[in-house]
Amino acid sequence: MSGLVDAATAILSASERKLEVAAHNVANVSTPGFKRQIGFSQLLQASPSDLRPLPEVAVRRNFAQGKLTETRNPFDLAISGDGFFQLRAGDRLVYSRQGQFKLAADGTLVSPQGYVLQQQGGGDLMLDGQAATVQQDGTVIEGGRPVARIELFAAEDPQALTPVGESYFSAGAGAMDIVGGPVIRQGMVESSNVEMGDEMVAMMTALRQSEGGARLVQVYDDLIGRAISSLGQTR
């Protein structure tokens, strides 16, 4: 009997987690550079002595590229293909495909969160004015001459990246490699890769799964009721 309860609890918990993941994706459908989360069930043993596997939800990121949208803002940058921008968040480095930047008073390019875009070789990217041009290879042209270069980084295992907020990630030492042949589009931003249709399907699947768990609870309740009735009749 306890196995039935454990299975029902695991199913209900897994369906709730999948609904949370889908709802989180929907909430970030308009967040530039956001990468969709995918919740999938994996079977785990309840304990070393219990060989009956129970479902549990693991979450992975879908790092597929989102749609590139033209904004004509010269400080909006989008990555076409692999790679992440490197930004300084206080005393640490983070990585993102969120390319909405603005020129700060000190000449740095900063994200909406205040993270500072980094240049090739490390250090804050500094500009003198509003007329900078960013070429596809990341070279920054100002006053008709190259003044810096934006470098892109890729992770050998993107799933090992740690989320920092909605569109940013941190990486361990040596986890990021420089991207060869980067392609950066000036005046564009990358949208979230969330598709509403996929999230609706995920929600309906989770709801059906929860209904299965609820039916198990009902079966358990019926069995307990019959057992109690039988015991009462034998006395």
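Our structure is the block above this text.
Residues numbered from 1 in each chain as written. Predicted model: local features only at pLDDT ≥ 70, side-chain atom pairs only at ≥ 80, totals over all residues. Heavy atoms only, no water.

Broken down by element type, the protein carries 2 helices and 18 strands. With 235 residues in all, the protein has 38% of them scored as buried. By sequence separation, contacts in the protein at least 24 residues apart represent 62% of the contacts at least 6 residues apart. Carbon and sulfur atoms provide 52% of the accessible area of the protein, an area that totals close to 12700 Å². (Helix = DSSP H or I, 4+ residues; strand = E, 2+ residues; numbered from the N terminus. Buried < 20%, exposed > 50% of the residue type's maximum accessible area, 1.4 Å probe, protein only. Contact = heavy atoms within 4.5 Å. Areas by Shrake-Rupley, 256 points an atom, 1.4 Å probe, with all protein chains shown as cover.)

On to the packing of aromatic side chains. Enumeration over the complete set of coordinates arrives at 6 aromatic pairs. Arranged with centres 5.5 Å apart and planes meeting at 50 degrees, the rings of Phe63 and Phe169 form a pair that is tilted. One end of the pair, Phe63, is in the loop between β2 (50–61) and β3 (68–70); the other, Phe169, is in strand β15 (residues 168–170), and 106 residues separate them in sequence. On the basis of relative accessible area, Phe169 is assigned to the buried category, the value being 2%. Between Phe85 and Phe101, the ring centres sit 5.7 Å apart and the planes meet at 85 degrees, which makes this aromatic pair edge-to-face. (Phe/Tyr/Trp six-rings, centres within 6.5 Å; stacked < 30°, edge-to-face > 60°.)

Along any regular strand the residues' side chains alternate between the sheet's two faces. Burial along strand β11 (residues 139–142) is two-sided: Thr139 and Ile141 facing one way and Val140 and Glu142 facing the other are all buried. Sheet analysis places strand β10 (residues 133–134) next to β11, joined by 2 bridges and oriented antiparallel. Across the sheet, Val134 pairs through a bridge with Val140, a residue of β11. Once β10 ends, the chain turns through 4 residues before running back antiparallel as β11, passing Gly138 with a positive phi of about 95 degrees. As paired elements, β11 and strand β12 (residues 145–149) share 4 bridges and run antiparallel to each other. Bridged to Glu142 within β12 is Arg145. (Pairing = 2+ DSSP bridges.)

Further remarks concern the nonpolar core. Within the largest apolar cluster, 23 residues are counted, with the highest numbers of intra-cluster contacts made by Leu77, Phe85, Phe101, Leu117, Val140 and Ile150. Elements with a contribution of two residues or more to this core: β4 (77–79) and β5 (84–89). The element that contributes the greatest number of residues to this core is β5, accounting for 3 residues. Once residues lying within four places of it in the same chain are set aside, the contact partners of Val140 are Leu125, Leu127, Ala132, Thr133, Val134, Arg145, Pro146, Val147, Ala148, Arg149 and Ile150. Residues Phe84, Tyr95, Ala155 and Leu161 belong to the second largest nonpolar core, which totals 7 residues. (Core = buried A, V, L, I, M, F, W, Y, C linked by side-chain atoms within 4.5 Å.)

A complete count under the given rule lists 6 salt bridges for this structure. Residues Arg17 and Glu20 are paired through a salt bridge, measuring 3.5 Å at the closest nitrogen-oxygen approach. Pair noted here: Arg17 and Glu20 are both in helix α1 (residues 2–27), with a separation of 3 residues, about one helical turn. Of the charged contacts, one joins Glu190 and Arg97 as a salt bridge, the two residues approaching to 2.7 Å between their closest N and O atoms. Here the residue Glu190 occupies a position in strand β18 (residues 188–190), and Arg97 occupies one in the loop between β6 (92–96) and β7 (102–103), the gap between them amounting to 93 residues. We classify Glu190 as buried; its relative accessible area is 1%. Relative accessible area serves as the criterion here: at 5%, Arg97 is assigned to the buried category. When salt bridges that share partners are traced, they join Lys35, Arg97 and Glu190 into one network. (Salt bridge = Lys/Arg side-chain N within 4 Å of Asp/Glu carboxyl O.)

With that settled, the discussion passes to a nonpolar patch on the surface. A surface patch of nonpolar side chains, about 390 Å² in accessible area, is lined by Val29, Met196, Met200, Val201 and Met204. For Met204, the location among the structural elements is in helix α2 (residues 196–234). We classify Met204 as partly exposed; its relative accessible area is 42%. (Patch = residues over 30% accessible without salt bridge, like charges linked within 9 Å, V, L, I, M, F, W, Y side chains within 5 Å.)

The next thing to look at is the sheet that holds β12. Overall, antiparallel pairing links the 3 strands, which are arranged β10-β11-β12 in an open sheet. Single-partner strands in this sheet number two, and they are β10 and β12.

Now for the side chain of Glu199. Looking at the element boundaries, Glu199 is found in helix α2. The class for Glu199 is buried, based on a relative accessible area of 1%. Not counting the four nearest positions on each side in its chain, Glu199 is found in contact with Ala22, Asn25, Val26, Arg36 and Val194.

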